[in-house]
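An overview of the molecular structure
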Amino acid sequence: MNRSGTDTENWYEAAFRSEYLKVYPARSVESAESEVAAALSWLQPTDGARVLDLCCGAGRHSRWIQNSAVELHALDLSEDLLAEARQQLGESVTLHRGDMRQLPFEANHFATVLMFFTSFGYFETDLENQAVLAEVARVVQPGGTFLLDLPDRSTTIAGLVPVSDREMGDWTIHEERRITADGRRVEKAVTLSGPEGEKCYTESVRLFTREQIESMLSATGWQDIQCRGDWDGSESVPGESPRMIFTAVRSAGDRG
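Residues numbered from 1 in each chain as written. Predicted model: local features only at pLDDT ≥ 70, side-chain atom pairs only at ≥ 80, totals over all residues. Heavy atoms only, no water.

Quick look at the confidence of the model for the chain
- Here the chain averages 91 in pLDDT, and 92% of its residues register 70 or above.
- Across residues 1–7, confidence stays below pLDDT 50; counting only partners more than four residues off in sequence or on other chains, it has 14 contacts. (pLDDT = per-residue confidence, 0-100. Contact = heavy atoms within 4.5 Å.)

Following this line, the structure appears as structure tokens:
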């Protein structure tokens, strides 16, 4: 049985439906604008370069990437969020539906892949999660670049709010958060109550240290790995920085 409590549905399939946009309205397109500006300034894709916004959701980052001179593709597993992305982005972005563990692209297809806002660590085992990094390496050309945006583990644990309640329009949102007993995952049980009844699901994301991610990147074909602690480019300091934003370059040799 998987974490969603059913035999057929994974937690991330239950969580990333249309209700996701009700739970996280504060993750605005305005904040995405500055994050995209920082990412593009660090990675500097050339005009016309083929770029992938991986786990694009409803397209809040793609909206700003499409203003650059790159050829933008975006991929997500959620049909609901991709439908919203189609409405928001129009025809200038090529949208794809797929699993990040088996990307529907040929080798060396992209110059740059971007993974914004904790789109990594969803799977049960570290081998499965590391396989995502290997798959991204497969579709990025040698010398191409990668951005991976994750929460700082120590900061997340220290700042965890066990229970919260809030209202969004006609919906009441109740959230319960915990760190699993082994300290490896942060889980959030979400209950939405509103005109359409009650909906419940649990998010479950692996919390990695900086050293663990650097090791996984190195093992899957990435080099020149850097880690910033926030979108202002500041140094990553465990327990103080809100994020771990990794950038890396696809090595020319074989993957480990």
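Observations concerning the packing of aromatic side chains
- According to the stated counting rule, one finds 9 aromatic pairs in the structure shown.
- Seen from their ring centres, phenylalanine 105 and phenylalanine 110 are 4.9 Å apart, and the 85 degrees between their planes marks the pair as edge-to-face. Grouping residues by exposure puts phenylalanine 105 and phenylalanine 110 together as buried.
- Members of the aromatic cluster, connected to one another through ring pairs, are Trp11, Tyr12, Tyr122 and Phe123.
- The residue whose ring lies beneath arginine 60 is phenylalanine 117, and the NZ or CZ to ring-centre distance is 5.7 Å.
- The ring of phenylalanine 123 carries the charged tip of arginine 101 above its face, separated from the ring centre by 3.9 Å. (Phe/Tyr/Trp six-rings, centres within 6.5 Å; stacked < 30°, edge-to-face > 60°. Buried < 20%, exposed > 50% of the residue type's maximum accessible area, 1.4 Å probe, protein only. Lys NZ or Arg CZ within 6 Å of the ring centre and 35° of its normal.)

Describing the pattern of salt bridges
- Applying the stated criterion across every chain, the model contains 14 salt bridges.
- The partner of arginine 101 in a salt bridge is aspartate 99, and the shortest N-O contact between them spans 2.9 Å.
- Under the relative-accessibility criterion, arginine 101 is labelled partly exposed at 27%.
- When the shortest N-O distance is used, the salt bridge between arginine 184 and aspartate 126 registers 3.4 Å. In this pair, arginine 184 is assigned in the loop between strand S7 (171–179) and strand S8 (185–194) and aspartate 126 in helix H6 (residues 126–139), connecting sequence segments 58 residues apart.
- Relative accessible area serves as the criterion here: at 33%, arginine 184 is assigned to the partly exposed category.
- When its relative accessible area of 25% is taken as the criterion, aspartate 126 is described as partly exposed. (Salt bridge = Lys/Arg side-chain N within 4 Å of Asp/Glu carboxyl O. Helix = DSSP H or I, 4+ residues; strand = E, 2+ residues; numbered from the N terminus.)

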